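Structure assessment
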Amino acid sequence: MAQVSLRDLKKVFPGNVVAVDSVSLGIENKEFLVIVGPSGCGKSTTLRMIAGLETITEGEVWIGNKMVNDIPAKDRDIAMVFQNYALYPHMTVYENMSFALRLRKFPKSDIDQRVKEAAEILGIGKLLNRRPRELSGGQRQRVAVGRAIVRKPMVFLFDEPLSNLDAKMRVQMRTELNKLHIKLQSTMIYVTHDQTEAMTMGDRIVVMKDGVIQQVADPIALYDKPVNKFVAGFIGSPPMNFIDGKIIKKDGKLYFTEDGFKVKLVEDMYKKITPYEGKEITFGLRPEDIYDKLFVSDASQDNMVKAVVEMVEPMGAEVFLYIKTNRSSLIARVGGHDKPEVGQDMELVLDMSNAHFFDKNTEESIV
């Protein structure tokens with residue numbers, strides 16, 4: 001297996017459309033790296049440049065100790081798994097998985113061994129004589145992964161491989177791909193627009209927007225310490241709540257205030273927030289850090305706001321509450337036992353120790 005290094009990578013399409021802009025990134029040997037972002041952010045284009053399926057406008061791609069800019073895709077020692085499986089419909093599962101090895105004139109005994117080993121790993125040993133039309137979506141995806149495994153490449157590339165599967169199968173395949181990574185101890189680069197996939201699969205996550213890397217971190221650091229408002233809002237489901245307001249000072253204490261909304265900051269934040277006193281600022285709080293006062297015994301008045309319930313979404317073990325203060329709409333994620341009625345007045349308790357603040361102009365994180 002190998003390290004992958006992207007150095008000032010840039011892709012410009014006709015019409016001066018910049019799809020990827022100065023991306024520099026190091027992927028460690030045996031790492032599972034996930035690139036995530038909204039549609040059109042440049043994540044798949046980046047992957048295709050690594051694979052050799054897209055020409056590079058500027059910059060360098062290194063796999064191991066070799067720059068591969070001018071090396072054809074077939075000679076880069078990578079294997080790519082696509083969103084649409086890309087299986088040959090007239091071939092059996094065995095023939096699909098062995099196709100690349102047969103092109104390379106591998107001995108029949110080696111081909112047979114590799115295909116059967118991969119089929120056993122993926123649990124598709126009984127499907128080797130079937131054709132793609134006889135398989136479910138999940139089985140087709142396993143065959144596509146198996147076709148990559150038999151090649152024993154230096155790097156595996158995955159381009160949104162689970163997006164065509166139903167919700168239950170996506171969860172199952174996520175688990176199987178994680179197990180596969182542990183078993184193969186290989187370098188894997190995985191592209192998705194689904195932040196849940198990213199959070200549950202990646203050793204590290206790269207968040208992209210408009211062709212630019214916004215943040216690279218492990219899942220917990222990305223969730224707890226987003227570097228800007230975009231990352232904070234993109235990572236997490238339901239997304240982080242944002243409210244625009246001002247920082248004011250009263251009796252030596254700092255408060256965030258918006259029409260009908262006033263909460264006290266924890267003292268640990270004072271040093272970084274003080275320069276914003278009297279200025280516009282964006283306050284952010286995740287849904288799980290908002291509680292119904294009825295279930296908080298020691299709530300402080302400084303951390304409470306009045307709200308009205310607009311919608312209730314029971315999710316089983318938890319409930320999503322869509323609530324409104326005077327001017328702001330919020331989402332709270334509470335326990336399954338907490339089910340207020342639509343239109344009901346309620347008092348909310350905010351866990352200000354987990355609050356985030358962002359510069360109104362730059363959208364960069366302050367705390």
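So, here is what we can say about the structure in this document.

Rules used in this analysis
Residues numbered from 1 in each chain as written. Predicted model: local features only at pLDDT ≥ 70, side-chain atom pairs only at ≥ 80, totals over all residues. Heavy atoms only, no water. Buried < 20%, exposed > 50% of the residue type's maximum accessible area, 1.4 Å probe, protein only. Helix = DSSP H or I, 4+ residues; strand = E, 2+ residues; numbered from the N terminus. Pairing = 2+ DSSP bridges. Salt bridge = Lys/Arg side-chain N within 4 Å of Asp/Glu carboxyl O. Axes fitted to C-alpha atoms, helices over the stretch in contact; angles between N-to-C directions. Lys, Arg positive; Asp, Glu negative; His and termini not counted. Polar contact = N/O pair within 3.5 Å; in protein donor to acceptor, adjacent residues only side chain to side chain. Contact = heavy atoms within 4.5 Å.

What follows covers the pairing of strand 14 (residues 280-285). Among the six residues that make up strand 14, five are buried, leaving the element largely enclosed by the rest of the structure. Sheet analysis places strand 11 (residues 241-250) next to strand 14, joined by six bridges and oriented antiparallel. Along strand 14, the bridge assignment pairs K246 with E280. Two strands pair when backbone bridges link them, and strand 14 and strand 20 (residues 356-359) are joined in this way by four bridges, in the antiparallel orientation. Looking across to strand 20, one finds that I281 is bridged to D359.

A word on the pattern of salt bridges. What the rule picks out here adds up to 12 salt bridges. Here E288 makes a salt bridge to R333, at a shortest N to O gap of 3.2 Å. Of this pair, E288 sits in the loop between strand 14 and strand 15 (290-292) while R333 sits in strand 18 (residues 329-335), and the two are 45 residues apart along the sequence. For E288, a relative accessible area of 22% translates into the label partly exposed.

What follows covers the sheet that holds strand 20. Within the open sheet, the five strands sit side by side as 13-12-11-14-20. Their pairing is antiparallel. Because the sheet does not close on itself, it has two edges, and the strands there are strand 13 (261-264) and strand 20. Neighbour-to-neighbour, the strand axes of this sheet turn through a mean angle of 40 degrees, independent of strand direction. Relative to strand 13, strand 12 (residues 253-258) runs antiparallel, the two sharing four bridges. Residue pairing for strand 13: T257 is matched across the bridge by K262.

Bridge count between strand 1 (residues 4-13) and strand 4 (residues 58-63): five bridges; the pairing is antiparallel. The partner of S5 across the bridge, within strand 4, is W62. A loop of three residues connects strand 1 with strand 2 (residues 17-27), the two strands running antiparallel in sequence, and G15 in this loop sits at a positive phi of about 90 degrees.

All right, on to the sheet that holds strand 18 then. Spatially, five strands are ordered 15-19-16-17-18 in an open sheet, and the strand pairing comes out antiparallel. The open sheet has two edge strands with one neighbour each: strand 15 and strand 18. Across the sheet, the mean angle from the axis of one strand to that of its neighbour is 50 degrees, orientation sign disregarded. Here strand 17 (residues 318-324) runs beside strand 18; their pairing, made up of seven bridges, is antiparallel. Each residue of the ladder has a partner; that of I323, found in strand 18, is L330.

This next bit is on unusual backbone geometry. Backbone torsion omega between S237 and P238 reads -5 degrees, so that peptide bond is classified as cis. With respect to the element layout, P238 can be found in the loop between helix 8 (229-234) and strand 11. Even without glycine at this site, D210 takes up a positive phi of about 50 degrees. Checked against the element boundaries, D210 lands in the loop between strand 9 (204-209) and strand 10 (212-217).

Our focus in this paragraph is the side chain of D159. Looking at where D159 falls in the secondary structure, it is placed in strand 7 (residues 155-159). Despite its burial, D159 pairs with no opposite charge; the closest candidate is R48, at 5.5 Å N-O. A polar contact of 2.8 Å, which involves the side chain of D159, links it to the side chain of S44. Sequence-distant contacts of D159, defined by excluding residues within four places in its chain, comprise S44, L47, M80, V81, F82, Q83 and V191.

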